[in-house]
Amino acid sequence: MGQQEIIQLIRDRKPEGMDQLLLHFGPLMRYIIAPILSDPQDREECLADAAMRAWEQIDRFDAGKGSWTGWLTVLTRNAALNRARRRPEAAGKLTENLASPEPTPEEALLRRERQEALYRALNGLSSRDRALIYRKYFYMQPTEQIARELSTTVRAVEGRLYRLKKHLRKQLGGDGHG
């Protein structure tokens, strides 16, 4: 069954849409969740949460704005990060007097400008380098996993990431050191 058929089944709220989603995209979703959540039960619950979010938010998917796998990947990653933040050990780190999590209009504008600058800088990288940055910092994959899957050494991956970060800092107006 193809991607478009699965999307349509979900949009039509047909139960086999969920089955097909998990059958065809479950491995990708597990791949995204694994580096973020270490507990196997958390991983499975997160997979169910992410699949449910895809079901509930299918109307937000717009093929004109991005790919299905990109949308599903971001949705899955965010579900995993939210679950990781709710863990009891993370909750103990919170203080009672937290400032409002909502950014001020000025902060929101600065954040959007920084995001756009970062997006432009990332698009200036080769697809190989961009994928490496995404794997490490967006999908939070361990360096060892990246090295293994790219058939290279951990040291080579770390060196490449160091050079890429230095290059991006320079592009974004940082000093390029560190």
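Here the structure is shown first, and the text comes after it.
This section reports on the structure supplied with the text. Keep in mind it's a predicted model, so treat the numbers as computed, not measured.

**Concerning the overall build of the protein chain**
On a plain count of helices and strands, the protein chain comes out with 9 helices and 0 strands. For the protein chain, the succession of helices and strands along the chain, N to C, is α-α-α-α-α-α-α-α-α. When each of the 178 residues of the protein chain is scored for burial, the buried share is 30%. Partitioning the intrachain contacts of the protein chain with sequence separation of at least 6 by distance along the chain shows that 59% fall at a separation of at least 24. Accessible area of the protein chain: about 11800 Å², with a carbon and sulfur share of 52%.

**Quick notes on the packing of aromatic side chains**
If you walk through the whole model with that rule in mind, you get 6 aromatic pairs. Their ring planes at 55° and their centres at 5.7 Å tell us that Phe61 and Trp71 sit as a pair that is tilted. In this pair, Phe61 is assigned in the loop between helix H3 (40-56) and helix H4 (68-86) and Trp71 in helix H4, connecting sequence segments 10 residues apart. Here Phe61 matches Trp71 in class, with each residue buried. Measuring from centroid to centroid gives 6.2 Å for Tyr134 and Phe138, while their planes differ by 65°, and the two rings are edge-to-face. Of this pair, Tyr134 and Phe138 both sit in helix H7 (residues 127-138), 4 residues apart, which is roughly one turn of the helix.

**Describing the nonpolar core**
Residues Ile10, Leu21, Phe25, Met29, Trp68 and Leu72 are the most contacted members of the largest nonpolar core, which totals 25 residues. If you tally residues by element for this core, the top one is H4, at 7 residues. With sequence-adjacent residues up to four places away left out, Leu21 is seen in contact with Ile6, Ile10, Gly26, Ala51, Ala54, Trp68 and Leu72.

**Comments concerning the pattern of salt bridges**
Taken as a whole, this structure holds 6 salt bridges when the rule is applied. The shortest N-O distance in the salt bridge between Glu45 and Arg83 comes to 3.1 Å. With Glu45 in helix H3 and Arg83 in helix H4, the pair connects residues that are 38 residues apart, well separated along the chain. Judged by its relative accessible area of 32%, Glu45 is partly exposed. Where Asp49 meets Arg83, a salt bridge forms, and the shortest distance between an N and an O atom there is 2.6 Å. Residue Asp49 is located in helix H3, and its partner Arg83 is located in helix H4; the two are separated by 34 residues in the primary sequence. Look at the salt bridges and you will find they share partners, linking Asp42, Glu45, Asp49 and Arg83 into a network.

The rules behind each value
- Position numbers for residues start from 1 in each chain and track the written sequence from start to end.
- Per-residue local features are limited, in this predicted model, to residues with pLDDT of at least 70; the limit for side-chain atom pairs, both in listing and counting, is 80 or more; totals at the level of whole chains, interfaces and linings are taken over all residues.
- Where side-chain values are given, they derive from all heavy atoms of the structure, hydrogens and water being excluded.
- Numbered from the N terminus, helices here are DSSP runs of H or I no shorter than four residues, and strands are runs of E no shorter than two.
- Accessibility here uses a 1.4 Å probe with only protein chains present; expressed as a share of the type maximum, an area under 20% marks a residue as buried, one over 50% as exposed, and anything in between as partly exposed.
- Residue contacts are counted whenever heavy atoms from the two residues lie within 4.5 Å of one another.
- Accessible areas in this description were obtained via Shrake-Rupley with a 1.4 Å probe; residue shielding takes into account the shown protein chains only.
- Aromatic rings from Phe, Tyr and Trp, with only the six-membered ring used for Trp, were paired whenever their centres fell within 6.5 Å, and each pair was classed as stacked if the ring planes differed by under 30 degrees, edge-to-face if by over 60, and tilted otherwise.
- In these notes, a set of buried Ala, Val, Leu, Ile, Met, Phe, Trp, Tyr and Cys residues joined through side-chain atoms within 4.5 Å is what counts as a nonpolar core.
- We define a salt bridge as a contact between a side-chain nitrogen of Lys or Arg and a carboxyl oxygen of Asp or Glu at a distance within 4 Å.

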